[in-house]
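Tertiary structure, described
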Amino acid sequence: MPNREVYEVDVPIHDTTNPALRGLHVFTGEADSPTTALRRAHEVYDAALAAQQAGLDIPGKQPDSWGARGLRPGWELDWPAAKAGRWHNPLSCTRLSDFAL
């Protein structure tokens, strides 16, 4: 069985009616590589968007903990600019470099 860790996928977004309004849509879930994480983020986003457009409830988290919430109508995701990497808990006590000693 492959080693699965929690990954984060950061996807730049912009408002289609006002491109100056920009943000970041963040996805997290289990994956064995950044490539798999990016694929899963895109899959759950596509499923959530299809459900929303059909007037259905957005699917919840999948067994591998990927899911999409907070879809904003009129906002477009820039998938080619998406970045994936291992997720690091910003509140972790093991990240001593984040704390002033």
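Now for a look at the structure at hand. Just so it is clear, the model here is predicted, and its values are computed rather than measured.

The rules behind these values
Residues numbered from 1 in each chain as written. Predicted model: local features only at pLDDT ≥ 70, side-chain atom pairs only at ≥ 80, totals over all residues. Heavy atoms only, no water. Phe/Tyr/Trp six-rings, centres within 6.5 Å; stacked < 30°, edge-to-face > 60°. Helix = DSSP H or I, 4+ residues; strand = E, 2+ residues; numbered from the N terminus. Buried < 20%, exposed > 50% of the residue type's maximum accessible area, 1.4 Å probe, protein only. Lys NZ or Arg CZ within 6 Å of the ring centre and 35° of its normal. Contact = heavy atoms within 4.5 Å. Core = buried A, V, L, I, M, F, W, Y, C linked by side-chain atoms within 4.5 Å. Expected span 1.5 Å × (residues − 1). Arc of directions from axis to C-beta.

Turning our eyes to something else, we now look at the packing of aromatic side chains. For the structure shown, the criterion picks out 2 aromatic pairs. Between Tyr45 and Trp79, the aromatic rings sit 5.8 Å apart at their centres with planes inclined by 55 degrees, giving tilted as the arrangement. Within this pair, whereas Tyr45 is found in helix 1 (residues 34-53), its partner Trp79 is found in the loop between strand 3 (75-77) and strand 4 (83-86), the two being separated by 34 residues in sequence. Across the pair, Trp79 and Tyr45 agree in class, each one buried. By way of ring pairs, the aromatic residues Phe27, Tyr45 and Trp79 are connected into one cluster. For the cation-ring pair, Arg72 lies above Trp75, with the distance from its terminal atom to the ring centre recorded as 5.0 Å.

So, on to unusual backbone geometry. For Ser65, which is not a glycine, the phi torsion comes out positive at approximately 75 degrees. Mapped onto the elements of the fold, Ser65 is located in the loop between helix 1 and strand 3.

Our next topic: the environment of Ala51. Following the sequence through the fold, Ala51 ends up in helix 1. With sequence-adjacent residues up to four places away left out, Ala51 is seen in contact with Leu56, Asp57, Ile58 and Pro59.

Below, the discussion takes up the nonpolar core. As a rule of thumb, nonpolar side chains are buried together in soluble globular proteins. By size, the foremost hydrophobic cluster in this structure holds 18 residues, and its most contacted members are Val9, Val11, Phe27, Trp66, Leu77 and Trp79. Looking at this core, the elements with two or more residues in it are strand 1 (5-15), strand 2 (22-31), helix 1 and strand 3. Looking at this core element by element, the count peaks at 5 residues for helix 1. Excluding residues that lie within four positions of it along the chain, Val11 makes contacts with Gly23, Leu24, His25, Phe27, Leu77, Asp78, Trp79 and Ala82.

When the terminal C-alpha atoms of helix 1 are compared, their 28 Å separation across 20 residues agrees well with the 28 Å that a helix rising 1.5 Å per residue should span. Burial in helix 1 covers these residues: Thr36, Ala37, Arg40, Ala41, Val44, Tyr45, Ala48 and Ala51. Axial view of helix 1: buried residues confined to an arc of 165 degrees, hence all on one face. What points out from helix 1, more than 90 degrees from its buried face, is the exposed set Thr35 and Gln53. If you follow the buried residues of helix 1, they end up packed against strand 1, strand 2, strand 3 and strand 4. One or two residues past the end of helix 1 sits Gly55, with phi positive at roughly 80 degrees.

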